[in-house]
Amino acid sequence: MIARVAWLLARPGSGGIAPTVLPVVAFGVVTALLAIVAGGAQTFFTWNDDTALIYQVLAVIALVLLVVPLVSLGGAAARLSARRRDDRLATLRLLGATPATVRTLAVLEASVLAFVGAVAGVLASLAVAPAIGLIHFRGEALGTSAVVLPWYVLVAAPFAVAALAAASAVLGLRQVVISPLGVRTRQDAPRLHWVRVLVGVGVVALAYGITSAIGVAQAAILLVTMLALAFGGTLAVLNLVGPWVLRLVATAQARRAKTPARLLAARSVLESPKAAWRQVGGVAMTSFMAVFAGVGVGLLDAAGTGGDAESQLLLEDIRTGILITVVGSFLMVACSVGVNQAAATLDRADLYRSLDMLGMPITTMDAARRRAVMSPLLLTSVGSAVIAAVVLLPLTGIALIIAPLSLVTVAAVLAAGVGIVWLGLVVTRPVLARAAAPAVG
Amino acid sequence: MSSYVIEASGLSKSFGSTTALAGVDLSVRTGESLAIMGASGSGKTTLLHCLAGITAPDTGTVGFRSGAGAVVVTGLSERERSRLRREAFGFVFQQGLLIPELTAIENVALALMLNGMPRPAAEGYARGWLAALGLAGMEERRIGQLSGGQAQRVAIARAQVTGASVVFADEPTGALDSHTSAEVMTALLDSTTGQGRTLVVVTHDAEVAARCSRIVDMRDGRIVGERLRRSPEAEVTA
């Protein structure tokens, strides 16, 4: 029964094809990126020499950094899926369908969209594999065959992504109420307590302790575990403190706002600082690590520590890895923003229509939603980068003097990442314009 | 000089094969309260949208006259119509359609800020209108923290704060109980016709319509009847 109803509902709604295409594209990009990164990483795990472990650890870190925005994207796609069926799902509830049935439909749809997107993503990863194969590690191109994942992994990938989307959908739908009267996001934005900051400081101190003691780790497995603990701890802290900081800044912005767009943007962040954080939080760790690694690589490079060819190659490879990870992370955030924005716009179509009637220019509405994303994004990415620079202060200063190119490269990549997210916002503008158009009738 | 603030003639509008308006002529007098009644699908909301410059009719013209002069609304570009709506008209909708994340005072002040007024001044005017509508002390509440009637009064304040000469209301009491509905209509009439402004209300509620000075009835995209409140016997059929 559910399959038959799902098929009936699989027609474009009032929002056009964008709400269907966006999650498919998003999952496609995610799968392609994962396949590419995993493909590249598998090469490192075929090496057995002295420096192989360093490459393997760095590859694992890059994968972890990319998984965070991926999970956020999955939830966003699921929420969009539920919302684009707004009236239809509500009607089903009105006709007597149980919440479980309706949720199953929404989860099924998210999974199908994810599967279709993932298949496209796998094909896309195969298409770009020759280009990826040209990337140099250890002074030579990786080669196309080395970066293509085994066939059984490629076949399993769409199923795995669909399963992940289903899991994300179940979690994402906890924030959506599908009642007989409509689908709405739950309006619960609990106040965030400053105690979060204290807990955060404690965890950072612990993480610092772990990284300081990392030299005592003899076994590789212990080293990786300690790294993961320090890494995971810092990620958890960022998730704990991030929303609190966003709320603090948005409160000040709302108080100072002089234009409608600034006021709307700040209030929109204050509506749910956690949601604002979920959207952009993924880049926090990436920015932090990019500066951290950028300074280190720059200094080692300039100091000539890597006198031997192998060390020089390692530094060069770390720089390449940073660039790939940062761009990949921002690309995922851009997809997440695109999907979230489409969902939010559809959810508020009535409001946008009424604002258009009041004479509010679409440019003002667009500026407000752009600012509501870009402000937390800039705060998160630049803030994390600055914190990393401050933590390493003397070294950052030295690197800036003796190896400026390394830091300039990191800054340029971060700027490009912000630009990618901005593009994600631009592509969803037609959804806003359509939502604000007067209703027919 | 004409005493009409809005004059529409020969308005027609179709959506695909559905005819929403089929040659409507209507004049709205300055300072009157006009109720447009009709069953669902009769074309009353489309007529309101055409009069307010929200929707462009397929044929026909809409003229608007104010102290600043006369304009042909149907001859304006999309951008010019947006500006006209922002500066000269006010709107009240069935659900209020206020911005939920903003406070009451911010919702009202926003209408003035869109016209370029600095925020402190805009909030000053907004505070005055909220107080006049019985919402003093509730300025910092968000919309979700207000009752339906209170939210609708915030919407009325938003419609009035710009000094709009015409307020368009689409089923303004549709989501309210009868007692609150009467209160909201009183607030709406006092703040519009009570101050020499014009009110155009789309409603299917006879009690709401009965409080307006003139009622036009619509069916199948045409005006089929017109009544004056003070002289119900003077009913005419178009």
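Please refer to the structure placed before this passage.
Residues numbered from 1 in each chain as written. Chains lettered and ligands numbered in written order. Predicted model: local features only at pLDDT ≥ 70, side-chain atom pairs only at ≥ 80, totals over all residues. Heavy atoms only, no water.

Quick question: what am I supposed to make of the sheet that holds strand S1 (residues 4–15) of chain B here?
Strand pairing in a sheet takes place through backbone hydrogen bonds and is either antiparallel or parallel in direction. Residues and elements named next belong to chain B. Pairing in this open sheet of four strands is antiparallel, and the strands run S2-S1-S4-S5 from one edge to the other. Two strands lie at the open edges of the sheet, namely strand S2 (18–29) and strand S5 (69–72), each paired on one side alone. Put simply, the sheet's adjacent strands are angled 15 degrees from each other on average, direction ignored. Direction of pairing for S1 relative to S2: antiparallel, over a ladder of nine bridges. For Ser12, the partnering residue across the bridge sits in S2 and is Ala22. (Pairing = 2+ DSSP bridges. Helix = DSSP H or I, 4+ residues; strand = E, 2+ residues; numbered from the N terminus. Axes fitted to C-alpha atoms, helices over the stretch in contact; angles between N-to-C directions.)

Looking at this structure, how should I read helix H1 (residues 44–51) of chain B?
Residues three or four positions apart in an α-helix share a direction because the helix packs 3.6 residues into each turn. All names here are of chain B. The buried count for H1 comes to seven of eight residues, which makes it a mostly enclosed element. For H1, every residue scored as buried is listed here: Lys44, Thr46, Leu47, Leu48, His49, Cys50 and Leu51. Where H1 terminates, the next one or two residues include Gly53, which has phi positive at roughly 75 degrees. (Buried < 20%, exposed > 50% of the residue type's maximum accessible area, 1.4 Å probe, protein only.)

Would you explain the interface of chain A and chain B in this entry?
How big an interface is tends to be stated in terms of the accessible area lost upon association of its parts. In this assembly, 27 residues from chain A lie in contact with 24 residues from chain B. Here chain A packs against chain B, burying approximately 2400 Å² in sum over the two surfaces, 64% of which is carbon and sulfur. When the buried area of chain A at its contact with chain B is split by residue, Arg267, Met357 and Leu358 of chain A rank highest and sum to 27% of it. On the surface where chain A and chain B come into contact, there are three salt bridges. Of the charged contacts, one joins Arg267 of chain A and Glu106 of chain B as a salt bridge, the two residues approaching to 2.8 Å between their closest N and O atoms. Along the contact surface separating chain A from chain B lie eight residue pairs in polar contact (both at pLDDT 80 or more). For the side of chain A that touches chain B, the secondary-structure elements that each account for two or more residues are helix H9 (220–256), helix H10 (260–271) and helix H14 (349–357) of chain A. (Contact = heavy atoms within 4.5 Å. Buried area = accessible area lost by both parts, 1.4 Å probe. Salt bridge = Lys/Arg side-chain N within 4 Å of Asp/Glu carboxyl O. Polar contact = N/O pair within 3.5 Å; in protein donor to acceptor, adjacent residues only side chain to side chain.)

Please clarify how the pattern of salt bridges should be interpreted in this entry.
Any two side chains of opposite charge can pair, given that their charged atoms come close. Taken as a whole and judged by the stated rule, the model has 16 salt bridges over all chains. With its nearest N and O atoms 3.3 Å apart, the salt bridge here joins Asp366 of chain A to Arg429 of chain A. Taken together, the positions of Asp366 of chain A in helix H15 (residues 362–391) and Arg429 of chain A in helix H18 (residues 429–436) put the pair 63 residues apart, joining distant regions of the chain. Given a relative accessible area of 4%, Asp366 of chain A falls into the buried group. Measuring nitrogen to oxygen at the nearest pair gives 3.4 Å for the salt bridge that ties Arg81 of chain B to Glu78 of chain B. With Arg81 of chain B and Glu78 of chain B both in helix H2 (residues 78–88) and three residues apart, the pair spans about one turn of that helix. Looking at Glu78 of chain B, the relative accessible area reads 44%, which means it is partly exposed. If you follow the salt bridges from partner to partner, you end up with Arg267 of chain A together with Glu106, Arg119 and Glu123 of chain B in one network.

How should I be thinking about a positive patch on the surface in this particular structure?
A surface patch of like charges, here positive, comprises Arg255, Arg256, Lys258, Arg262 and Arg371 of chain A. Note that Arg262 of chain A resides in helix H10. (Patch = residues over 30% accessible without salt bridge, like charges linked within 9 Å, V, L, I, M, F, W, Y side chains within 5 Å. Areas by Shrake-Rupley, 256 points an atom, 1.4 Å probe, with all protein chains shown as cover. Lys, Arg positive; Asp, Glu negative; His and termini not counted. Charge placed at Lys NZ, Arg CZ, Asp CG, Glu CD.)

What am I meant to see in the environment of Phe168 of chain B here?
Residue and element names in this part refer to chain B. As for its position among the elements, Phe168 is in strand S7 (residues 166–170). We classify Phe168 as buried; its relative accessible area is 1%. Along the primary structure Phe168 and Thr198 are separated by 30 residues, whereas in three dimensions their C-alpha atoms are 8.6 Å apart. Apart from residues lying up to four places away in sequence, Phe168 is in contact with Ile6, Leu48, Leu51, Ala52, Phe89, Gly90, Phe91, Val92 and Val200.

I keep staring at the packing of aromatic side chains and nothing clicks. Help me out?
In this description, a pair of aromatic rings is defined by centroid distance and the angle of the planes. All names here are of chain B. Evaluation of the coordinates by the stated rule reveals 10 aromatic pairs over all chains. Note on Phe64 and Phe89: the rings are 5.0 Å apart at their centroids and 80 degrees apart in plane angle, and the pair reads as edge-to-face. Of this pair, Phe64 sits in strand S4 (residues 59–66) while Phe89 is found in strand S6 (residues 89–92), placing the two residues 25 residues apart along the sequence. Residue Phe89 is classed as buried on the basis of its relative accessible area of 2%. Every member of this aromatic cluster is reached through a ring pair, and the members are Phe64, Phe89, Phe91, Phe93 and Phe168. (Phe/Tyr/Trp six-rings, centres within 6.5 Å; stacked < 30°, edge-to-face > 60°.)

Just to check I follow, could you spell out the packing of H14 of chain A against H18 of chain A for this structure?
Geometrically, a packed helix pair is captured by the angle between its two axes and the distance between the axes. Residue and element names in this part refer to chain A. Following both chains from N to C, one finds H14 and H18 inclined at 70 degrees, their axes separated by 7 Å at the closest point. By the criterion of interaxial angle, the relationship of H14 to H18 is roughly perpendicular. Between H14 and H18, the contacting residues are Ala349, Tyr352, Arg353 and Asp356 on the first element and Leu432, Ala435 and Ala436 on the second. Here the residues of the contact of H14 with H18 are counted per class, giving five nonpolar, no polar and two charged. (Parallel < 35°, antiparallel > 145°, perpendicular 65-115°, else oblique. Nonpolar A, V, L, I, M, F, W, Y, C, P; charged D, E, K, R; others polar.)

Quick question: what am I supposed to make of unusual backbone geometry here?
Residues and elements named next belong to chain B. Despite not being glycine, Glu171 shows a phi value in the positive range, around 50 degrees. Take Glu171: it is sitting in the loop between S7 and helix H6 (178–191). According to the relative accessible area criterion, Glu171 is buried, its value standing at 11%.

Would you take a moment to explain the pairing of S7 of chain B for this structure?
Residues and elements named next belong to chain B. Across the five residues of S7, five count as buried, placing the element largely inside the fold. Here S7 shows no split at all, with Val166, Phe168 and Asp170 on one side and Val167 and Ala169 on the other all buried. Relative to S7, S6 runs parallel, the two being bridged by four bridges. Within S7, the position partnered with Phe91 by the bridge is Phe168. As defined by bridge partners, S7 adjoins strand S8 (residues 198–203) across five bridges and the pair is classed as parallel. Each residue of the ladder has a partner; that of Asp170, found in S8, is Val202. Note that the unit made of S7, H6 and S8 has a crossover that is right-handed. (Right-handed = clockwise from strand over helix to strand, strands pointing away.)

How should I be thinking about the pairing of strand S3 (residues 33–38) of chain B in this particular structure?
Along any regular strand the residues' side chains alternate between the sheet's two faces. All names here are of chain B. Across the six residues that make up S3, a large majority, six, are buried. Neither face of S3 is left uncovered, since the one carrying Ser33, Ala35 and Met37 and the one carrying Leu34, Ile36 and Gly38 both have all their residues buried. Of the strand pairs in this sheet, S3 and S8 are connected by five bridges, and their pairing is parallel. Its bridge partner being in S8, Met37 is matched across the sheet by Thr203.

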